[in-house]
Amino acid sequence: MSSAERTVQVLDNYEMDARLWRRGRNALALLALGGWAVLAAGYSSGSAAFYPAYLLAFVYWLTIALGALFFVMLQHLSGAAWSVTSRRVAETIALVIPLSAVLFLPIVFGLPQLYEWARPEVVAADPVLQAKQSYLNPRGFTLRAAACFLIWGLWAVILYRNSVKQDDGGTLELTRAAAKWSAPGMILLALTVSLASFDWLMSLDPHWFSTVFGIYIWSGSGLAGFAAITLVLLAFRRMGMLRASVNHEHYHDLGKWLFALTVFWAYIAFSQYMLIWYGNIPEETAWYHERTAGTWRSVAALLVFGRFFVPFAVLMPRAAKRNLAVLAGAAAWILLMQYVELFWVIMPVFRTEAGLMWIDVAAVAAVGATFALAFWWLLRRHALAPVGDLRFTKALEFTNV
Amino acid sequence: MADLAITRELDAPLVVGEPSYSDVTESVSRIVENKMPRAWYIAFGVTATLTGVLLAMLAYLVTTGIGVWGNNQPVGWAFEITDFVFWIGIGHAGTLISAILLLLRQRWRTSINRFAEAMTLFAVACAAIFPAVHVGRPWRAYWLFPVPNEYLGIWQNFRSPLMWDVFAVSTYATVSALFWYTGLIPDLATLRNRAKTKARRIIFGILSLGWRGSARHWRHYEMAYLLLAGLSTPLVLSVHTIVSFDFAVSLIPGWHSTIFPPYFVAGAIFSGFAMVVTLMVIARQVFHLEHLVTMKHLENMNKVMLGTGLIVGFAYLTEFFIAWYSGNPYERFTFINRALGPYWWAFWIMVSCNVLVPQLFWFKRIRTSIPAMFVISILVNVGMWFERFVIIVVSLSRDFLPSSWGHFRPTYVDILTLTGSFGLFLTLFLLFVRFLPMISMSEVKSTLPRPAAARGGER
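Residues numbered from 1 in each chain as written. Chains lettered and ligands numbered in written order. Predicted model: local features only at pLDDT ≥ 70, side-chain atom pairs only at ≥ 80, totals over all residues. Heavy atoms only, no water.

J.: Whenever I open this one, the overall build of chain B confuses me. Can you help?
T.: Within chain B one finds 18 helices and zero strands. Scaling as 2.2 N^0.38, a compact globule of 459 residues should have a C-alpha radius of gyration of about 23 Å, and chain B matches this with 23 Å. The C-alpha extent of chain B, read off along each of the three principal axes, is 75 × 60 × 40 Å. Residue burial in chain B is summarised as follows: out of 459 residues, 56% are buried. For chain B, restricting intrachain contacts to residue pairs at least 6 apart in sequence, the fraction spanning at least 24 positions comes to 81%. Summing over all exposed atoms, chain B offers an accessible surface of approximately 19200 Å²; the carbon and sulfur share of this is 69%. (Helix = DSSP H or I, 4+ residues; strand = E, 2+ residues; numbered from the N terminus. Rg over C-alpha atoms; globule rule 2.2 N^0.38 Å. Buried < 20%, exposed > 50% of the residue type's maximum accessible area, 1.4 Å probe, protein only. Contact = heavy atoms within 4.5 Å. Areas by Shrake-Rupley, 256 points an atom, 1.4 Å probe, with all protein chains shown as cover.)

Structure representation (structure tokens):
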């Protein structure tokens, strides 16, 4: 006699309107088609900008999905109630991760174009790269990436399935199972995100190394994930979905998280910069030198102000976090800054001057619309919120003091 | 009935036995109003003696010189800096519990925050001794502050993290003390109201700053508390971050590492919680507070230890990996030397105590076993002391030039000063337990379920 006796207080329609869904699908499909067409044109014209643009777009969208996976595990581990009504959206964003294994393939084919260490003639002339060859080689790179995708995909699917099972009646076992899976999941997420950051981003400058780099990328990823969840929920709200289930109280908390993670990102990014600046060892400063030369300097300045000071000031007041228009603006801005940051991390290796190219935009649209299409498609298969979760009522009742 | 089981699991009451408001007041206040148990006097005798040892060692040091320690070239920083970082770290549980857990609405913090915050203050007091005497001429320790000194025109180096440390630690001590005191005010008023002697009434009357518990008072109090929590939150990160800068801004392999700031912070919280568990396990038993500091509280603290211990393990792993990945021969050597060099034992004590042993907390049976957590929490603090020793001493003993390598050996003064600092910490702690309510009565009451509260009277 578990769940049958408890009545779930239905406030919203937890199913998406079929017409709305079709309209969304068509728009996303159109965007994806357009994006891929332009991208294919760029590829076939032999543009050198193709692979970097693609890598950037891929990492950008994947870090958002990983941030959502982080959100899901964090809520299960801490036993939070406030976030329950928002959790299905996060779970569904994370669920697109298995698709990224396929979208990663172009990068595998483009290794020599992207990474110095994958060019035999460069390695032959560089003793340091030879010393690193046991790690930085195409086969190892691909295998490690595969392991990462396997782990992320597995946890995204397991946690999603577990959550969906609750829809027909939550039980303590399911709540416990979610927490049990999340504990090792969090450890693996930390290890794999670090590893992926080293492999995919840090090894773009194969001589450079920084121990905090994995946490640096992770902090940005978490922030972007939380911002994406906030923004999707706000978009749903406009479309008339989850209006009562995710209300100002929940947005207030999401806003607090955006604020906290903004500060955490700044803390990590500043620590890394400060220690390298202070140490002033050429092999370490080279990375920042490359990224503060010419027009890249302005991008670096934009990050300092745009990624830290602006959201910090905007999200500080309580009223701002409860003003949904302001919150939506802040979340969108944070997502934009995540792109700017990854642009600044990746592109200086390939371009001497900062500047957006048409192929960058096409890649972001193509990869993003593909992920979004998967998200949209997965969204319709189950309720928009984990209605059977034992903490669901508590989440609905939640208020900030 | 299933519903009841679910509620019990998801919304377990934070205290057991459904105490009323007056039960809480009674269980906490009677400790400071009655005579201490015999064990307290014995413990106080021991710790006061150890404090005497500390004072004797410091007197010997100041009158003789830094040479009484084992420090020498190339290991110019050894025990005293290790002890400094160790003690600063211990304090972090208090700040985390009082600030971050408050903001995260972790209401279980109410039974342990007072206790942990007091430990923060005493740990900072212990920590501050070491850099002050390490300057060699402690009567000139005020030169650390940017105030006019005998040699006008000599300014402190504002680009030095040692200077930032002075600001970070003094801010930390100030804000922690304010936070602690603000939290104490309602409880001090309770003690004033219960006072049976005139002296107590006057002392607690002054200390409670005229608190009458009116709605207005509470409103201001809650706001002040929240603001202090907001102010303290960056301090949880900043203090140990700046301590880590002391090392990381240098060029010594094993010190110069960008992961140091978050890694040091996690380690500090790890060791702080371990210390809280060690002392709480004893205190709740001796003073019969098992219903207020329940197994749930201890289990939660053990979970925090497991989590932060894993972060520390993650940092060890990353450092080793990057040392290898860097291809830099000095980096690689440093880490091989750590694990297999002359101080291999220190490294393996650190790894076993900080990474391996806490894994036992994955098992609920161990997480909820008092003897197990007591032993593990002590081992964690042993491991965390050795972590700082490994970072500081081992890295300095062998750097770039083999011709300038050396081996550090502590003198008895080093060892007795460390031992004595435990004496000071525990003495202050015992005094706290003797004179002030070690559990925040007013905050625990706020977590009581309504019906039980209605049954008892408010005092």
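Still more ground to cover, so stick around.
J.: Help me understand the overall build of chain A, please; the structure alone is not making it clear to me.
T.: If you tally the helices and strands in chain A, you get 18 helices and zero strands. Computed over C-alpha atoms, the radius of gyration of chain A comes to 22 Å, within 12% of the 21 Å expected from 2.2 N^0.38 for 401 residues, which places it in the range of a compact globule. Across its three principal directions, the C-alpha atoms of chain A cover 75 × 40 × 35 Å. Taken across its 401 residues, chain A has 59% of its residues classed as buried. A total accessible area of about 15700 Å² is found for chain A, and carbon and sulfur atoms account for 67% of it.

J.: Teacher, can you tell me more about the interface of chain A and chain B here?
T.: It is common to give the size of an interface as the accessible area that goes away when the parts come together. Listed per partner, the contact involves 48 residues of chain A and 41 residues of chain B. Counting each side, the surface lost to burial between chain A and chain B is near 3700 Å², with a carbon and sulfur contribution of 70%. Of all residues in chain A, Thr211, Tyr267 and Leu275 of chain A bury the most surface against chain B, accounting for 19% of the area lost on that side. For the pair chain A and chain B, the number of links is one salt bridge. The partner of Arg105 of chain B in a salt bridge is Asp253 of chain A, and the shortest N-O contact between them spans 2.4 Å. Tallying contributions element by element places helix α12 (residues 248-279) of chain A first for the side of chain A that touches chain B, with 13 residues. Residue classes in the side of chain A that touches chain B are distributed as 28 nonpolar, 11 polar and nine charged. (Buried area = accessible area lost by both parts, 1.4 Å probe. Salt bridge = Lys/Arg side-chain N within 4 Å of Asp/Glu carboxyl O. Nonpolar A, V, L, I, M, F, W, Y, C, P; charged D, E, K, R; others polar.)

J.: Please clarify how unusual backbone geometry should be interpreted in this entry.
T.: Excluding glycine, a negative phi dihedral is what most residues carry, and trans is how most peptide bonds are arranged. Note that the residue after Gln73 of chain B, namely Pro74 of chain B, is joined by a cis bond; omega there is 0 degrees. Note on placement: Pro74 of chain B falls in the loop between α3 (38-64) and α4 (79-90). In this model, Leu242 of chain A sits at a positive phi of 55 degrees, which is unusual for a non-glycine residue. The residue Leu242 of chain A is located in the loop between α11 (213-238) and α12 in this model. Classification of Leu242 of chain A as buried rests on a relative accessible area of 1%. Look at His288 of chain B: it is not a glycine, yet its phi comes out positive at around 55 degrees. For His288 of chain B, the position within the fold is in the loop between α10 (260-286) and α11 (295-326).

J.: Hey, could you run me through the packing of aromatic side chains in this one?
T.: The geometry of two aromatic rings is summed up by the distance between their centres and the angle between their planes. Here the structure, examined in full by the defined rule, presents 90 aromatic pairs over all chains. Consider the rings of Tyr60 of chain A and Tyr339 of chain A, whose centres lie 5.3 Å apart with planes at 90 degrees: the pair is edge-to-face. Pair noted here: Tyr60 of chain A is in helix α2 (residues 50-78) and Tyr339 of chain A is in helix α16 (residues 324-346), with a separation of 279 residues, a long-range link. With relative accessibility at 7%, the residue Tyr60 of chain A sits in the buried group. Using a relative accessible area of 12% as the deciding quantity, one classes Tyr339 of chain A as buried. Look at Phe260 of chain B and Tyr263 of chain B: their rings are 5.6 Å apart centre to centre, the planes differ by 75 degrees, and that puts the pair in the edge-to-face class. Of the two residues, Phe260 of chain B and Tyr263 of chain B are both situated in helix α10; the distance of three residues between them amounts to about one turn of the helix. (Phe/Tyr/Trp six-rings, centres within 6.5 Å; stacked < 30°, edge-to-face > 60°.)

J.: Explanation requested: the confidence of the model for chain A in the structure shown.
T.: Low pLDDT means the predicted coordinates in that region are not meant to be read closely. Taken over all residues, the pLDDT of chain A has a mean of 92, while the share at 70 or more is 98%. Predicted confidence for residues 1-8 of chain A stays below pLDDT 50, and this span has 13 contacts to residues more than four positions away or in other chains. (pLDDT = per-residue confidence, 0-100.)

J.: Can you help me understand the side chain of Asp389 of chain A in this one?
T.: Residues and elements named next belong to chain A. The residue Asp389 is located in the loop between α17 (358-379) and α18 (392-397) in this model. There is a polar contact of 2.8 Å between the side chain of Asp389 and the side chain of Arg87. The residues contacting Asp389, other than those within four sequence positions of it, are Val84, Arg87 and Gln166. (Polar contact = N/O pair within 3.5 Å; in protein donor to acceptor, adjacent residues only side chain to side chain.)

J.: Would you mind going over the side chain of Ser397 of chain B with me for this structure?
T.: Residues and elements named next belong to chain B. Secondary-structure assignment places Ser397 in helix α15 (residues 370-397). The class of Ser397 is buried, set by a relative accessible area of 1%. From its side chain, Ser397 meets the backbone oxygen of Val394 in a polar contact 3.0 Å long.

J.: What exactly am I supposed to notice about the pattern of salt bridges here?
T.: A pair can form between side chains of opposite charge whenever their charged atoms are brought close. Residues and elements named next belong to chain A. Throughout the structure, instances matching the rule amount to 19 salt bridges over all chains. With a shortest N-O distance of 2.9 Å, Glu91 and Arg88 are connected by a salt bridge. Note that Glu91 and Arg88 are positioned in helix α3 (residues 84-94) at a spacing of three residues, about one turn of the helix. For Arg88, a relative accessible area of 1% translates into the label buried. Measuring nitrogen to oxygen at the nearest pair gives 2.9 Å for the salt bridge that ties Arg351 to Asp360. Looking at Arg351, the relative accessible area reads 12%, which means it is buried. A single network of salt bridges, built from pairs that share partners, joins Arg87, Arg88, Glu91, Asp167 and Asp389.

J.: Would you take a moment to explain a nonpolar patch on the surface for this structure?
T.: A cluster of nonpolar side chains, contributed by Val135, Tyr142, Leu144, Phe145 and Val147 of chain B, occupies part of the molecular surface with about 370 Å² of accessible area. Examined against the element boundaries, Leu144 of chain B turns out to sit in the loop between α6 (113-134) and α7 (161-194). (Patch = residues over 30% accessible without salt bridge, like charges linked within 9 Å, V, L, I, M, F, W, Y side chains within 5 Å.)

J.: Looking at this model, I keep getting lost on a positive patch on the surface. Mind explaining?
T.: A surface patch of like charges, here positive, comprises Arg19, Arg22, Arg23, Arg25 and Arg380 of chain A. Here Arg23 of chain A falls in the exposed class, since its relative accessible area comes to 54%. (Lys, Arg positive; Asp, Glu negative; His and termini not counted. Charge placed at Lys NZ, Arg CZ, Asp CG, Glu CD.)

J.: How should helix α5 (residues 92-103) of chain B be read in this particular structure?
T.: Since the α-helix packs 3.6 residues into each turn, any two residues three or four apart lie on the same face. Residues and elements named next belong to chain B. With 12 residues, α5 should reach 16 Å at 1.5 Å per residue; the first-to-last C-alpha distance of 16 Å fits that figure. For α5, every residue scored as buried is listed here: His92, Ala93, Gly94, Thr95, Leu96, Ile97, Ser98, Ala99 and Leu101. On its buried face, α5 sits against α4, α6, α7, α9 (215-248) and α10. At the C-terminal side of α5, Arg105 shows a positive phi close to 55 degrees. (Expected span 1.5 Å × (residues − 1).)

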